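Overview (structure and organization)
Listed below are the residues making up each chain.
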Amino acid sequence: MTRTLRALVYGDVDLNLIDGSAVWAQSTVQALSRAGCRTRLVLKAPVETGRLTDPLAGLPGVTVVRPYEEHLVPGQGAHPLSPYQASQLLARLDEEEPCDLLVLRGRRLVKQIVGDGHFHGRIWAYLTDIPQSPAQMTEQDRVDLARIADASRQLLCQTEELRCFLEAWVPEACGRAVLCPPAVPEPGFPVPQRDALRDPVRLVYTGKFAPRWNTLPMTRLPARLAERGIRAELHAVGDKIHQDAAHPGFDTAMAEALRTTPEVVHHGGVPREEAMRIAADCDLGLGWRDPSLDASLELSTKVLEFGSLGLPVVLNRTPAHEALLGTDYPLFVPGDAALADAVDAVTVAVRDPGARQLAADRCTAAAR
């Protein structure tokens, strides 16, 4: 008789705030449950909202471990667990009930756990916050990643490009780096048919609000489109506004724009399925970002979520996006990805039904 595999999952992410890394934790637990694993998800911070954890409660074999509420760590949760605290707690949980695999996200966290040595050979490390170009890769980075690779059973890479880059620069990763694309659930509701655009046209963005994600310029899209005779609304979903030392005042300006800009509808933080329902009721997804992210070897989960809903997506022209959607994808934002370029791409989607349908078909195929 085959023994049920036991998994521990921990991400250096706060599941009270909805962004890609928090959704990753939820998706990973869902995938492990469907694979038949007995899975414990250990939370970094006390639960303030169950938007991401509540959907896991009824899954077969899944336990959500709440360290502060269960008095597994000292204090009242004024601060989320540090990598050191997380490493000590995970080792204690493993001693009480040994796991077969430990799925982790976050380089600082993985480095701490590797250094402690308790889980050698059982780590499945999901690494995104690592150098992703030769210019960024230092010798210390390479040494750190080599130690992580040596201690890991699997290195989970979001894209084939990231896997190849990691193996090229960290030989120890060869044979351990495996492709693990973003997990996108099937919509749990009927996806509406889009025979025509709504009036006003509904643009949608879901995720964190951060300078390099162009979320502040996005709030100006309806006004700029109005200058071209296009009535539009921006539907923004999420509640994580970054404080960025390189962009002082961004958080205040972003919150004000979401609250007061005409034709901007801020839905706040909602469960993932509700975010997908909101997006499904829109016409065009936004994945347009600052050009500094064009060299990333990662793939935005929201692009695939929008695609699973049949939405065309406006996003930067990058090698990774061209490989995914084709060089002739009609809704790429070219050049320096300025606001005017994004307005041009949205205008194409609104006024050219053929281009809009081609983009929707490509995004749907990519998600599938």
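Below, the structure is looked at part by part. (Residues numbered from 1 in each chain as written. Predicted model: local features only at pLDDT ≥ 70, side-chain atom pairs only at ≥ 80, totals over all residues. Heavy atoms only, no water.)

Some remarks on the overall build of the protein
If you tally the helices and strands in the protein, you get 13 helices and 13 strands. The globule rule puts the C-alpha radius of gyration for 368 residues at 21 Å, and the 21 Å found for the protein is close to it. Seen along its three principal axes, the alpha-carbon backbone of the protein occupies a region of about 65 × 50 × 45 Å. Expressed as a percentage of its 368 residues, the buried residues of the protein come to 52%. When the accessible surface of the protein is totalled, it reaches about 16500 Å², and 51% of it is carbon and sulfur. Computing the positive centroid from 39 side-chain charges and the negative centroid from 47, the protein places the two 2 Å apart. (Helix = DSSP H or I, 4+ residues; strand = E, 2+ residues; numbered from the N terminus. Rg over C-alpha atoms; globule rule 2.2 N^0.38 Å. Buried < 20%, exposed > 50% of the residue type's maximum accessible area, 1.4 Å probe, protein only. Areas by Shrake-Rupley, 256 points an atom, 1.4 Å probe, with all protein chains shown as cover. Lys, Arg positive; Asp, Glu negative; His and termini not counted. Charge placed at Lys NZ, Arg CZ, Asp CG, Glu CD.)

Focus on the pattern of salt bridges
Applying the stated rule across the entire model yields 24 salt bridges. Linking R38 and E97 is a salt bridge whose minimum nitrogen-to-oxygen distance equals 3.4 Å. On the criterion of sequence distance, the pair formed by R38 in strand β2 (residues 38-42) and E97 in the loop between α2 (83-96) and β4 (101-105) is long-range, its members being 59 residues apart. Of the charged contacts, one joins D141 and R107 as a salt bridge, the two residues approaching to 2.8 Å between their closest N and O atoms. Taken together, the positions of D141 in helix α4 (residues 139-151) and R107 in helix α3 (residues 107-116) put the pair 34 residues apart, joining distant regions of the chain. (Salt bridge = Lys/Arg side-chain N within 4 Å of Asp/Glu carboxyl O.)

Some points on the nonpolar core
Within the largest apolar cluster, 49 residues are counted, with the highest numbers of intra-cluster contacts made by L203, L221, W288, V314 and Y329. With 7 residues, helix α12 (residues 339-351) is the single largest residue contributor to this core. Those residues in contact with L203 that sit more than four places away from it in its chain are L221, L225, E233, L234, H235, C282, L284, L286 and V346. Counting 39 residues, the second-largest nonpolar core is a separate cluster that includes Y68, I130, L145 and L297. (Core = buried A, V, L, I, M, F, W, Y, C linked by side-chain atoms within 4.5 Å. Contact = heavy atoms within 4.5 Å.)

Some words on the pairing of β4
Consecutive side chains along a regular strand alternate between the two faces of the sheet. Burial analysis of β4 places 5 of its 5 residues in the buried class, the great majority of the element. Alternating positions in β4 separate into two faces, L101, V103 and R105 on one and L102 and L104 on the other, with burial throughout. Bridge count between strand β1 (residues 6-11) and β4: 5 bridges; the pairing is parallel. Bridged to V9 within β4 is V103. Looking at chain direction, β4 and strand β5 (residues 123-126) are connected through 4 bridges and run parallel. Within the sheet, the bridge partner assigned to L104 lies in β5 and is A125. (Pairing = 2+ DSSP bridges.)

Observations concerning the sheet that holds strand β8 (residues 201-206)
Read across the sheet, 6 strands follow the order β10-β9-β8-β11-β12-β13 without closing on themselves; strand pairing throughout is parallel. Both edges of this open sheet fall to β10 (264-268) and β13 (332-333), since each of them pairs with a single strand only. Here β8 runs beside strand β11 (residues 284-287); their pairing, made up of 2 bridges, is parallel. Considered in β11, the bridge of L203 is made with L284.

Description of the packing of aromatic side chains
Using the criterion set out here, one finds 4 aromatic pairs in the structure. Their ring planes at 55° and their centres at 5.0 Å tell us that Y329 and F332 sit as a pair that is tilted. Across from the ring centre of W213, 4.1 Å away, lies the NZ or CZ of K208, which sits over that ring. (Phe/Tyr/Trp six-rings, centres within 6.5 Å; stacked < 30°, edge-to-face > 60°. Lys NZ or Arg CZ within 6 Å of the ring centre and 35° of its normal.)

Observations concerning the sheet that holds strand β6 (residues 152-157)
Here we have 7 strands laid out as an open sheet, ordered β3-β2-β1-β4-β5-β6-β7, and parallel in their pairing. Lying at the two open borders of the sheet, with one neighbouring strand each, are β3 (62-65) and β7 (177-179). Each strand axis lies, on average, 20° off the axis of its neighbour in the sheet, ignoring direction. Along the sheet, helix α1 (residues 20-34) contacts β1, β2, β3, β4 and β5; its crossing angle with β4, the most-contacted strand, is approximately 160°. On top of the sheet, α3 reaches β1, β4 and β5; it is set at about 140° to β4, its chief contact. (Axes fitted to C-alpha atoms, helices over the stretch in contact; angles between N-to-C directions.)

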